[in-house]
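Working through the structure, step by step
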Amino acid sequence: MDLTLNIPDTTKSRVVIVGGGFAGVSIAKELVTREDFQIVLLDRQNYHTFQPLLYQVSTSSLEPESIAYPLRKIVKRGKNTFFRMAEVLSVDALKKEVKTNIGDIKFDYLVIATGARTNFFGNKTIERNAMRMKSVPQALKLRSLMLENLEQAVITPDKELRKELLNFVIVGAGPTGVELAGGIAELRANVLPIDYPDMDFSEMEIHIIESADRILPPMSPEASKNAQKFLKRLDVNIHLNTMVTDYENHEVVTNTDLKLKAATFVWSAGVTGAPINGINGEALIERANRYKVNEFNQIAGFKNVFAIGDIALMQTVKYERGHPMVAQPAIQQGRHLAKNLLSMHKGKNMKPFKYFDKGSMATIGRNKAVVDINKLRFGGFFAWFIWMFIHLVFLVGFRNKIITLFNWVYNYINFDKASRLIITPFKAKEDTDVV
């Protein structure tokens, strides 16, 4: 018996999975009822977060329980499957041991699925002052900050201060930035004028800043063009070929002549891997903070240590820089590795991973979305419907699907956002990503 994690001794091979994101949950679900292994899932939170909908928590469309799912409900179906809420501190691959803040645990196979964290590209001032959106607590902090700024704006007689409070700046025009900008714009158009009838919302500005020459750089030019058109219809200010170099005292500094003061500043300009201490050297690609893996997701230099999802960098002819750091590669790698572990355990040959690109999409607001599927490019209502359907399908848990669908239908019919609550007042302090 492990005296600290309280995991029973076993004659079965033990698979330790670090991380309860898309990748970790995917492999855990595949192995949970198998008799071949003892499965131990570790995460510093006790729930899985459906990150693509975090922006809807921030913009008051959904409550956090709609997109969070208890990890224990995933593992409870297995007799030899355990979850422990723990922070992994380091790995000793030679001793086959994972060290956590609640104790150490031995493994036969280790699967690292720690995902990614926000990338500030070494800018400590921005890291200290910007809002980020990689976890449920961060999404709730952003919601509280936005609502508190609105409450302050409605009572301030100072026009310049009010403008600062009503300025929203989002850095990074990838799917997260575009969806957040669209969500805030929908609030401004349909909800806030009713909540604050004594405030002039023509003073409220939404800015999205992108260093590339178009928004949604990972998607097709057609998707970028349509998304930009939709954002302009929502009166979102778009600044391309612009880099933010600093943000302090509400002052946004860029490499152009753009001058902005904004009390709400969100950084969504990139992500980087979240590696674990103890596995580095040639295994870690430092520029990306991702583990170099082979076609079987084995980390370079190891046979029984694997990496899947955002933390894994599998280079192929098509993906020279690794697969996209989004949900689909993580889900597919998790499922595939589960099959390979069973094959490896039985002495059979493993099969190389092949990523099936199911396309990419982004929503910009009510009846507005863009979708790229193979060579198909389309936008508007149908794309928006496809976006909703796909996200409902991949939400974990039947209850979450029903609650989310109900909220979407309610919001659509009533032009309302039901979750405009400041539950925990925002406190400005240095933040870190939860991975």
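Everything numeric in this text was worked out from a predicted model, so none of it was measured.

Quick look at helix H7 (residues 175–195) now. The end-to-end C-alpha distance of H7, which contains 21 residues, comes to 28 Å, matching closely the 30 Å that a straight helix rising 1.5 Å per residue would cover. At Arg-188, H7 shows its maximal kink, close to 45°.

This part covers empty space enclosed by the protein. Within the structure shown, the criterion is met by two cavities of 30 Å³ or more. Approximately 340 Å³ is the volume attributed to the largest cavity. Broken down by element, the residue count for the lining of the largest cavity peaks at six residues, all from H7. The residue makeup of the lining of the largest cavity, split by class, is nine nonpolar, nine polar and five charged. Taken as a whole, the second largest cavity encloses approximately 80 Å³ of empty space. Met-146, Leu-147, Leu-150, Leu-187 and Leu-192 are, among the 13 residues lining the second largest cavity, the residues nearest its centre.

This next bit is on the nonpolar core. Among the nonpolar cores identified, the biggest contains 92 residues, and Ile-27, Leu-53, Leu-341 and Val-370 are the most heavily contacted of them. Ignoring sequence-local partners within four residues, the contact set of Leu-53 consists of Leu-62, Ile-67, Trp-387, His-391, Leu-395, Thr-404 and Trp-408.

This part takes up the sheet that holds strand E11 (residues 167–171). Ordered by their spatial adjacency, four strands build an open sheet running E13-E12-E11-E17, and the pairing between neighbours is parallel. Only two strands of the sheet have a single neighbouring strand rather than two, namely strand E13 (237–239) and strand E17 (264–267). On average, each strand axis in the sheet is inclined to that of its neighbour by 15°, with strand direction left out of account. Where E11 and strand E12 (residues 205–209) come together, five bridges link them in parallel fashion. The residue of E12 that forms the bridge with Ile-170 is Ile-208. In the packing of helix H5 (residues 136–153) onto the sheet, contacts are made with E11 and E17, and the angle to E17 comes to roughly 155°.

Let us now look at the sheet that holds strand E9 (residues 109–112). Within the open sheet, the five strands sit side by side as E5-E2-E1-E9-E21. Their pairing is parallel. The open sheet has two edge strands with one neighbour each: strand E5 (81–85) and strand E21 (305–307). Taking each pair of neighbouring strands and ignoring which way they run, the sheet shows an average axis angle of 20°. Note that strand E1 (residues 13–18) and strand E2 (residues 37–43) share six bridges and pair parallel. When the sheet's bridge partners are listed, Arg-14 is paired in E2 with Gln-38. Helix-sheet contacts for helix H1 (residues 22–31) involve E1, E2 and E9, and the interaxial angle to E1 is about 155°. Together, E1, E2, E9 and E21 form the strand contacts of helix H9 (residues 327–345), whose direction differs from that of E9 by roughly 170°.

Running from N to C, H1 and H9 cross one another at 35°; their axes reach a closest spacing of 7 Å. Judged by the sense of rotation from one axis to the other, the crossing of H1 with H9 is right-handed. On H9, the residues that touch Phe-22, Ala-23, Ser-26, Ile-27, Glu-30 and Leu-31 of H1 are Ala-327, Ala-330, Ile-331, Gly-334, Arg-335, Leu-337, Ala-338, Leu-341 and Leu-342. A class-by-class count of the residues in the contact of H1 with H9 yields eleven nonpolar, two polar and two charged.

As a further point, take helix H11 (residues 398–414). The end-to-end C-alpha distance of H11, which contains 17 residues, comes to 24 Å, matching closely the 24 Å that a straight helix rising 1.5 Å per residue would cover. Inspection of H11 places Asn-400, Thr-404, Asn-407, Trp-408 and Asn-411 among the buried residues, and these make up the whole buried set. Summarising the axial view, the buried residues of H11 lie within an arc of 100°, below the 170-degree limit, and thus occupy one face. H11 presents Phe-398, Arg-399, Phe-406 and Ile-413 as exposed residues on the side facing more than 90 degrees away from its buried surface. Looking at the buried residues of H11, the elements they touch are helix H2 (54–58), strand E4 (68–70) and helix H10 (381–394). Phi turns positive one or two residues past the end of H11, at Phe-415, with a value near 50°.

Rules used in this analysis
- Residues numbered from 1 in each chain as written.
- Predicted model: local features only at pLDDT ≥ 70, side-chain atom pairs only at ≥ 80, totals over all residues.
- Heavy atoms only, no water.
- Helix = DSSP H or I, 4+ residues; strand = E, 2+ residues; numbered from the N terminus.
- Expected span 1.5 Å × (residues − 1).
- Bend = angle between axes of the 7 residues up to and from the residue.
- 1 Å grid on protein atoms, 1.4 Å probe; cavity = no way out; pocket = protein on both sides within 12 Å on 5 of 7 lines; lining within 4 Å.
- Points joined across faces, edges and corners; volume = space filled by probe spheres on them.
- Nonpolar A, V, L, I, M, F, W, Y, C, P; charged D, E, K, R; others polar.
- Core = buried A, V, L, I, M, F, W, Y, C linked by side-chain atoms within 4.5 Å.
- Buried < 20%, exposed > 50% of the residue type's maximum accessible area, 1.4 Å probe, protein only.
- Contact = heavy atoms within 4.5 Å.
- Pairing = 2+ DSSP bridges.
- Axes fitted to C-alpha atoms, helices over the stretch in contact; angles between N-to-C directions.
- Left-handed = near helix turned anticlockwise from the far one by under 90°.
- Arc of directions from axis to C-beta.

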